[in-house]
Amino acid sequence: QVQLVESGGGLVHTGGSLRLSCAASGRTFSNNDMGWFRQAPGKEREFVAGITRTSMTYYAESVKGRFTISRDNAVNTVYLQMNSLKPEDTAVYYCATHLGGTVYSSYNYDYWGQGTQVTVSS
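Conventions and cut-offs
- Counting from 1, residues in each chain are numbered in the order their sequence is written.
- Predicted model: local features are reported for residues with pLDDT of at least 70 only, side-chain atom pairs are reported and counted for 80 or more only, and whole-chain, interface and lining totals are derived from all residues.
- Side-chain figures throughout are based on the complete set of non-hydrogen atoms in the structure, without hydrogens or water.
- Counting from the N terminus, the helices are the DSSP runs of H or I reaching at least four residues and the strands are the DSSP runs of E reaching at least two.
- Three exposure classes are used, based on accessible area relative to the maximum for each residue type with a 1.4 Å probe and protein chains only: buried under 20%, partly exposed in between, and exposed over 50%.
- Between two residues, a contact is recorded if the distance between any of their heavy atoms is within 4.5 Å.
- In what follows, a disulfide is any cysteine sulfur pair within 2.5 Å.
- Here a polar contact is taken to be a pair of N or O atoms separated by no more than 3.5 Å, where protein atoms must pair a possible hydrogen donor with a possible acceptor and residues adjacent in sequence count only if both atoms sit in side chains.
- Here, a salt bridge means any side-chain nitrogen of Lys or Arg that lies within 4 Å of a carboxyl oxygen of Asp or Glu.

Engineer: Honestly, the environment of Trp 112 in this entry has me stumped. Any pointers?
Structural biologist: Tracing the sequence through the fold places Trp 112 in strand E10 (residues 109-112). Overall, Trp 112 belongs to the partly exposed group, its relative accessible area being 26%. A C-alpha to C-alpha distance of 20 Å links Trp 112 and Thr 68, two positions 44 residues apart in sequence. Non-local contacts of Trp 112, meaning those with residues more than four positions away in its chain, are made with Leu 4, Phe 37, Arg 45, Tyr 94, Cys 95, Ala 96 and Ser 106.

Laid out in structure tokens, this is it:
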């Protein structure tokens, strides 16, 4: 059993920054590959970024160069630094633990947090 708790969402203007955190408990965090997804109203959940247990990173094309995923195994937390935010980044952001297979599919993740809302105003 794994518990994931996201935090750090909020309301920012276009061009602003936010840092999301995902605190994990219940399973050896350092053994988990992790991912961030987001879901906007009326849209499917989509991959944002992923990080392996060895800190290899993956990004959706839409966020490359603007978002950075990182992890701190000492405090069982994965982060998502989001810069140059755009209105189209508005969504609920979720972190999840990766089971295996492609990192880009939400079907390959087992435990999910409750999500944190990010709203970017124009």
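Following the structure, the description resumes.
Engineer: Help me understand the state of the cysteines, please; the structure alone is not making it clear to me.
Structural biologist: Each disulfide consists of a covalent bond between the sulfur atoms of two cysteine residues. Taken as a whole, this structure holds one disulfide when the rule is applied. At a sulfur-sulfur separation of 1.9 Å, the disulfide partner of Cys 22 is Cys 95. Sign of the S-S torsion, about 55° for the bond between Cys 22 and Cys 95, identifies this disulfide as right-handed. Here the residue Cys 22 occupies a position in strand E3 (residues 18-25), and Cys 95 occupies one in strand E9 (residues 91-98), the gap between them amounting to 73 residues. Each member of the pair, Cys 22 together with Cys 95, is buried.

Engineer: Explanation requested: the side chain of Asp 33 in the structure shown.
Structural biologist: Within the fold, Asp 33 resides in strand E4 (residues 33-39). Accessibility expressed as a relative area gives 15% for Asp 33, which makes it buried. At 2.7 Å, the side chain of Asp 33 forms a polar contact with the backbone nitrogen of Arg 53. The residues contacting Asp 33, other than those within four sequence positions of it, are Ile 51, Thr 52, Arg 53, Arg 71, Ala 96, Thr 97 and His 98.

Engineer: Explain the pattern of salt bridges here, please?
Structural biologist: For side chains of opposite charge, pairing can occur when their charged atoms come near one another. If you walk through the whole model with that rule in mind, you get five salt bridges. When the shortest N-O distance is used, the salt bridge between Asp 33 and Arg 53 registers 3.3 Å. Remark: Arg 53 occurs in the loop between strand E5 (46-51) and strand E6 (57-59) and Asp 33 occurs in strand E4; sequence separation between them is 20 residues. Using a relative accessible area of 46% as the deciding quantity, one classes Arg 53 as partly exposed. Close ionic contact of Arg 38 with Asp 89 constitutes a salt bridge, the shortest N to O distance being 2.9 Å. One end of the pair, Arg 38, is in strand E4; the other, Asp 89, is in the loop between strand E8 (77-82) and E9, and 51 residues separate them in sequence. Across the pair, Asp 89 and Arg 38 agree in class, each one buried. Each of Arg 38, Glu 46, Arg 66 and Asp 89 takes part in salt bridges that share partners, so that together they form one network.

Purely geometric numbers; function is a separate question.
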